[in-house]
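Structural features, examined
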Amino acid sequence: MKIQLKNIGMLDEAEFEVGDITLICGENNTGKTYATYSLYGYLDFMRKIRDYNIFTRRRSLLDSKSGYVEKQIQEKKITFEEIQKRIYKHLEEKGRAYSEYILLEVMAGKNENFVNASFNVDITISLEDIKHAVEKYLENNEIHTRYKTKFKHTIYSDGLAIEMIKLENAREFNGYIKSFLDSLLNIIMSRNFILSVERTGASIFQEELDFMKIARLEAARKILRDEKNIGLFEITETLDAKKQLYPQPVRDNINFIRKIKEIAKKQSLFKKEKEQYKTILDCLAKILGGKYKTTDVGILFQPKGTRTAYNVEIASSSVRSLLMLNYYILHQAQKGDILMIDEPELNLHPKNQIRLARLFALLANAGIKIFITTHSDYIVRELSNCIMLSNLTDQAIQKLKNRGYLKEYKLNSDKIKAYVAKNIKGKNTLENVKITKAQGIFMETFDEAIESQNENQGLIFKEI
């Protein structure tokens, strides 16, 4: 997946590619978070399934842009090649809608910071991907359930036949086709989960930051004040106004905390197959130094070796910082996901930053893509070490066991992407960083500060 963006907040222009692990480093205020949040919003928007047949005062963003109009028909057979073409066209239309209408809401920014903003993605979807998605669509009773009762689907070796059962006109069929394409994108596009840099606050101030409750309250007050009915559109407008208070990743983190009791009842890929992924679970346990519990009175944390559990509100900042990562890995993670973390080093001791880098290597090798922005030289250097491990035999790595290394930490340098955010000729952009199997990641953004501090220490010591 390759991304091109322009005029998104502080990031003037950039191109980057998503790898098994993608990291963006750089000084403050150079646009790293804008790249992360805008990609998160794009993936989320592309996976949303819209109902194109419900016409309210808020018309569908894509209604007037569709290039497909079916005639009055009762049955249509669509080949996988045709579905592929329509998917690409649909991606183009949704991408344009995202840049023009959705991006500003995702970032909760000001109009003047997103003038002529664009976010374009180059993604390859094979015929095998299409066929697999169609099969999954027909198997999954939770996707598009209401529409499926109105159509009969017959899959063939080269395509899909769709027969109208309960619909009366082609207009409804057109709406179905667009929702059907949305459903395929929901399956094809990677599920995305993010830990925003505000995650520690979301963990303890969820009640105070719960804009949905505030919006409902304000809508109710308006009904009482005006003494007249208020429509769905007005309530939606009130909700949308509240959404603009925080970027979408922050809102989604708040929502995650709100639903954490339900989430804790589910099992991720790693928890279902504990023995196969024991290394991941052990590494996570070392980072946490204890375990979380969800109760009716809130979320508790019990440090390892103690019998006492503490409310996360009074636990250490690292406990709050790691809370959502813990619940994602144990209760939500699935192969093909993209885990995005803004400043994973937040509130962590250097030892835990190193362990976290090793956890990223394990997750990437298990099929979870990792996308991070970081100021941590410890994380970058440890990822470099994991890349360099791929030069060694398993027997050679065994000799490094006392240093904490395992053969499972090996990373393929070809599948890692690294960028540095910097200002070049007055424009904030992302510059590609060299990565080699022999030496890892050539991330020089930290070197000047480290060398300067070492030099200063030497000069001070000399004076002493």
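Quick summary incoming for the structure in this document. This structure is a prediction, so every number in the text was calculated from the model and none was measured.

1. Observations regarding the overall build of the chain
- Within the chain, the secondary structure is distributed over 18 helices and 17 strands.
- If you take every contact in the chain between residues at least 6 apart in sequence, the share linking residues at least 24 apart comes to 73%.

2. Considering the sheet that holds strand β1 (residues 2-8)
- Across the sheet, which stays open at both edges, the three strands sit in the order β2-β1-β5 with antiparallel pairing between neighbours. One side of each edge strand has no neighbouring strand; the edge strands of this open sheet are β2 (11-17) and β5 (118-122). Neighbour-to-neighbour, the strand axes of this sheet turn through a mean angle of 5 degrees, independent of strand direction.
- Across six bridges, β1 lies against β2 in antiparallel orientation. Paired with I8 across the two strands is L11, which belongs to β2.
- Relative to β1, helix α1 (residues 32-47) is tilted by about 115 degrees, and along the sheet it contacts β1, β2 and β5.

3. Looking at the side chain of T373
- Turning to its location among the elements, T373 is positioned in strand β13 (residues 369-373).
- The class of T373 is buried, set by a relative accessible area of 1%.
- In contact with T373, not counting residues within four places along its chain, are I24, K32, T36, I341, D342, E343, P344 and E345.

4. What about helix α16 (residues 377-389)?
- With 13 residues, α16 should cover 18 Å at 1.5 Å per step; its first-to-last C-alpha distance of 18 Å lies within 8% of that length.
- Every buried residue belonging to α16 is among D377, I379, V380, E382, L383, S384, C386, I387 and L389, and all of these are buried.
- Capping the start of α16 is the job of one residue whose side-chain oxygen sits 3.3 Å from the backbone nitrogen of Y378: S376.

5. A closer look at the state of the cysteines
- Across all of its chains, the model carries zero disulfides by this definition.
- Of the cysteine sulfurs around C283, a residue in no disulfide, the closest is that of C386, at 9.5 Å.
- Judged by relative accessible area, which is 7%, C283 ranks as buried.

6. A short note on the nonpolar core
- By size, the foremost hydrophobic cluster in this structure holds 126 residues, and its most contacted members are L23, F270, Y292, L359, I441 and M443.
- Here this core gets ten residues from one element, more than from any other, and that element is helix α2 (residues 80-107).

7. Re the packing of aromatic side chains
- Using the criterion set out here, one finds 14 aromatic pairs in the structure.
- Judged by centre distance (5.0 Å) and plane angle (70 degrees), the rings of F193 and F256 are edge-to-face. Taken together, the residues span a long stretch of sequence, with F193 in strand β8 (residues 192-195) and F256 in helix α10 (residues 248-258) at a distance of 63 residues. The exposure classification of F193 matches that of F256, with both residues buried.
- Connected via pairs of aromatic rings, a cluster forms that spans Y42, F45, Y98 and F119.
- Just above the ring of Y405 sits the side chain of R358; from NZ or CZ to the centre is 4.4 Å.
- A cation over an aromatic ring shows up here: K434 above the ring of F442, its NZ or CZ 5.0 Å from the ring centre.

8. Notes on the sheet that holds strand β10 (residues 298-303)
- Spatially, β9-β10-β11 is the arrangement adopted by the three strands of the open sheet, whose pairing is antiparallel. Either end of the sheet is taken by a strand with one partner, and the two such strands are β9 (290-295) and β11 (310-311).
- Both β10 and β11 contribute to a ladder of two bridges, which runs antiparallel. Along β11, the bridge assignment pairs F301 with Y310.
- Together, β9 and β10 form the strand contacts of helix α14 (residues 317-331), whose direction differs from that of β9 by roughly 75 degrees.

9. Structural notes on the pattern of salt bridges
- The full count for this structure, using the stated rule, is 14 salt bridges.
- The shortest N-O distance in the salt bridge between E17 and K417 comes to 3.9 Å. In this pair, E17 is assigned in strand β2 and K417 in strand β14 (residues 416-424), connecting sequence segments 400 residues apart.
- The exposure class assigned to E17 is partly exposed, which follows from its relative accessible area of 26%.
- For the salt bridge of R381 with D377, the shortest nitrogen-to-oxygen distance reads 2.7 Å. One end of the pair is R381 and the other is D377, both in helix α16 and four residues apart, which spans about a single turn.
- Taking the relative accessible area as the measure of exposure, R381 reaches 46% and is therefore partly exposed.

About the thresholds
Residues numbered from 1 in each chain as written. Predicted model: local features only at pLDDT ≥ 70, side-chain atom pairs only at ≥ 80, totals over all residues. Heavy atoms only, no water. Helix = DSSP H or I, 4+ residues; strand = E, 2+ residues; numbered from the N terminus. Contact = heavy atoms within 4.5 Å. Pairing = 2+ DSSP bridges. Axes fitted to C-alpha atoms, helices over the stretch in contact; angles between N-to-C directions. Buried < 20%, exposed > 50% of the residue type's maximum accessible area, 1.4 Å probe, protein only. Expected span 1.5 Å × (residues − 1). Polar contact = N/O pair within 3.5 Å; in protein donor to acceptor, adjacent residues only side chain to side chain. Disulfide = S-S within 2.5 Å. Core = buried A, V, L, I, M, F, W, Y, C linked by side-chain atoms within 4.5 Å. Phe/Tyr/Trp six-rings, centres within 6.5 Å; stacked < 30°, edge-to-face > 60°. Lys NZ or Arg CZ within 6 Å of the ring centre and 35° of its normal. Salt bridge = Lys/Arg side-chain N within 4 Å of Asp/Glu carboxyl O.

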